[in-house]
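# Per-entry structural report
Chain by chain, the residues:
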Amino acid sequence: MTALKKSFGANILKLQERDQNIRNTPSPDSQIPKKKEDLHSTHSFEWSYITKKLTRTTCSEAGTIENSLKNSGSFKAIAEKNKDKELVIVQGRRGICSHSPCSLLERGPITLKYIKASDNPNKAASSRVRIFRGKRSGDLVRFHVLARGGKNIVKILHNPALKAKVDEITVWGYKGEKVKHALKKDGRFCHYIFKKNFVLSCTTTGVQTELSNLVDDLDDKTFQVVLVNKSEPPEGDSQSSSLDDAYQASSDYQSPVSDDNGQKGNLKNEMVEQDASSKPMQDHLRSQIEDYVKGMKTKSELSSVPDLLHQEFSRNALMCQEVKTMKKLMRLSDSVCQVRINGGAVGSGFLWFRSFVLTNGHVIKDIYNSNCGQLQEKVSVHFSYESLDQADVGLEVKDVVCFEYKPEIRDWALLRLDSDQTLPPGLLEHFGFLPHGGGISIIGHPQGGVKKIDPCLIVPHSQVVDRVPLITKYFFADKLLKYESSFFEGSSGSPVFDNHCNVVAMHSGGFTYDKEGMERRAVVEYAQPLHFILEDFIIQMVEGKKFDVLREYLDCSYTRGTAVKDGVKKIVESRNNQRFKEAARSCVDDKVVQTFLEFFCQTEEPVPMEVV
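My aim in this report is to walk through the structure given alongside it, one point at a time. (Residues numbered from 1 in each chain as written. Predicted model: local features only at pLDDT ≥ 70, side-chain atom pairs only at ≥ 80, totals over all residues. Heavy atoms only, no water.)

## Some remarks on the overall build of the protein
To be explicit about the condition: Per the convention used, a helix needs a DSSP run of H or I reaching at least four residues, while a strand needs a run of E reaching at least two, with both numbered from the N terminus. Accessibility here uses a 1.4 Å probe with only protein chains present; expressed as a share of the type maximum, an area under 20% marks a residue as buried, one over 50% as exposed, and anything in between as partly exposed. Note on contacts: a residue pair is in contact if any heavy atoms of the two residues lie within 4.5 Å. Exposure was quantified through the Shrake-Rupley algorithm and a 1.4 Å probe, taking into account, for residues, occlusion by the shown protein chains and nothing else.
From N to C terminus, the protein includes 18 helices and 26 strands. Residue burial in the protein is summarised as follows: out of 612 residues, 43% are buried. Across the protein, contacts joining residues at least 24 apart in sequence account for 69% of those joining residues at least 6 apart. Of the roughly 33,900 Å² of accessible surface on the protein, 50% is carried by carbon and sulfur atoms.

Take a look at the structure:
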């Protein structure tokens, strides 16, 4: 501690000398005639949330839209309720980033919406908006980018939920700033668009703008992200990447984010301007020393590291897979597909048998009219989307054969493909019942991305109840397969395999809970057992007399088919399902189907008891 105090005194002397030199050196700005400050004019804007009732907010100094909104008590209450979600500012059908300058807003009200937050690596950087010092609002350039990319581009936004709220993304920059820098600063675009030769194509003229160009001529124009080729960006663009990073972090930026006392500005710059012997400077240095000492104590107090490592490796050992198992899963992954609506990724699925794909009902529920049994938009499935630069035309869905959506109870849909092409083998022949514990593997398209596999562990229901107290309100929850996975949005409908490569369930959703001592929220994911879906499928086919689909199912024999058929019969008898029984007595020309139906019409004769 004595050495630290000596170091503290030496730092004070050095800062005093530096402070004196700074005071004796004439400032370059002092030799330039002062210009009249006209960087930000007072203005107002109106906003609404959920209801159409408008609230007016006045902004008198430069800052972000979100900072201006924080002047409103109503907004603070709304933000607190949605603190785990991502704020989307909508004007028309355009999404404006919350850290955009308030002077960016056009005339007209804005609407506040919240969407599920994504795991965005650029989120931390984008939340710290920086504004050029000395720049006026007239130097601002605003341009728009379509939320959907061009041909062969599946995803350009980190958060796929954003596409459901807006058609265009409003991006801002200052004159003299590069397009690539403006897009990176926005924080909503996927990082890989800066790694390949992508350009912005004007939607009205078709003129292409490279990302290495300046934003000066893009004001109020609308563009689409287009992939020119799969090569690296042009030489000049790649060389300037390091300059862009330095440009972003240079001292020509000033952060408008408020500190705890409501003061704005850069703390580091303020400290330099302070006298080295002043109380604020001494307090600042003293706090740094205290933090350092505290950190050293924390390191010395660490214990039981070998035990922690042992526990971690023991837990992960259960997720290890044999090589032959992984090879088989790789082959089975050919039957897993991505489900898209109008070209946009919305979920996952897998070929069940013949030309029928199984996915979750909630994946298509918004565009499926259950009353008339018709899809309202174009739906396609893509089996070979395994790399970002891979073109996959996909196969169009002809119709929906079965649909059931009751959250946490039944959530599945069977899609019939309109294709004569050769399809991968169906996974029905690999059907299995739920395992009691151990490891499982999920294959799907998380976050609308390429096909991935996630090995994870089953979480016993008793542990889930401890973590998620409200799970008891889901009376069917104990029947679901539960586990902890990194598969979130876009992976609904993925097949779940046990350690023997049997497909046992369909990944469907998750229960949220708060981890003790942490602010972030975690999820216990769940999957619907396939044997329940199989039973419901057979019942729906018989009740609806869809004997053509039933015949295609019966042609695909599988090991546990008899057990499933017995399960259906028990359900029909326990519910006294007269509609099913009546349909099962139908006369069908197909002998295979007729034999199958007759099984459910058989009644077990009571065994007579012997009289002694």
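## Some remarks on the pairing of strand β9 (residues 197-202)
The condition is simple: Think of it this way: DSSP has to see at least two bridges between two strands before they count as a pair.
Burial analysis of β9 places six of its six residues in the buried class, which makes it a mostly covered element. Residues of β9 alternate between two faces, with Asn-197, Val-199 and Ser-201 on one and Phe-198, Leu-200 and Cys-202 on the opposite face, all of them buried. Both β9 and strand β11 (residues 222-229) contribute to a ladder of six bridges, which runs antiparallel. The partner of Cys-202 across the bridge, within β11, is Phe-223. Sheet topology places β9 next to strand β10 (residues 208-210); three bridges connect them, and they run antiparallel. The partner of Val-199 across the bridge, within β10, is Glu-210.

## A word on the sheet that holds strand β1 (residues 43-49)
Selection criterion: In this analysis an axis means a line fitted to C-alpha atoms, helices contributing only their contacting stretch, and an angle means the value between N-to-C directions, from 0 to 180 degrees.
The 10 strands are arranged β2-β1-β5-β3-β4-β8-β7-β11-β9-β10 in an open sheet whose pairing can be described as mixed. If you trace the sheet from one side to the other, it starts and ends with β2 (55-59) and β10, each paired once. Here the average twist between neighbouring strands, direction ignored, is 40 degrees. For strand β7 (residues 140-146) and strand β8 (residues 168-174), the ladder comprises seven bridges, and the chain directions are antiparallel. If you follow Leu-146 over to β8, its bridge partner there is Glu-168.

## Quick notes on the sheet that holds strand β13 (residues 336-341)
Read around the closed barrel, the six strands follow the order β13-β14-β15-β20-β19-β18; overall the barrel is antiparallel. Here the strands of the sheet are splayed against their neighbours by 40 degrees on average, with no regard to which way each runs. Sheet topology places β13 next to strand β14 (residues 344-353); six bridges connect them, and they run antiparallel. Opposite Cys-337, over in β14, you have Gly-349 as the bridge partner. Where helix α15 (residues 547-554) meets the sheet, it contacts β14, β15 (356-359), β19 (395-406) and β20 (410-417), and its direction lies at approximately 65 degrees from that of β14.

## Brief notes about the pattern of salt bridges
What counts here: Note on definitions: salt bridges are taken to be side-chain nitrogens of Lys or Arg within 4 Å of carboxyl oxygens of Asp or Glu.
Tallying each qualifying case throughout the model produces 15 salt bridges. The closest approach of N and O atoms between Arg-94 and Glu-168, which form a salt bridge, is 2.8 Å. Placement of the pair is Arg-94 in strand β4 (residues 94-96) and Glu-168 in strand β8, with a sequence separation of 74 residues. Residues Arg-410 and Asp-536 are paired through a salt bridge, measuring 2.2 Å at the closest nitrogen-oxygen approach. Pair noted here: Arg-410 is in strand β20 and Asp-536 is in helix α14 (residues 530-543), with a separation of 126 residues, a long-range link.

## Some thoughts on the environment of His-362
On the secondary structure map, His-362 appears in helix α12 (residues 361-364). Look at His-362 and you get partly exposed, because its relative accessible area is 24%. Along the chain, His-362 and Phe-403 lie 41 residues apart, while their C-alpha atoms are 9.6 Å from each other. Contacts of His-362, omitting those with residues within four sequence positions, involve Tyr-405, Asp-411, Ser-492 and Ser-508.

## Comments concerning the pairing of β7
The side chains of a regular strand alternate, first on one face of the sheet and then on the other. Taken across its seven residues, β7 has six buried, putting it largely inside the fold. Where β7 and β11 come together, two bridges link them in parallel fashion. In the strand pairing of β11, His-144 is matched with Thr-222.

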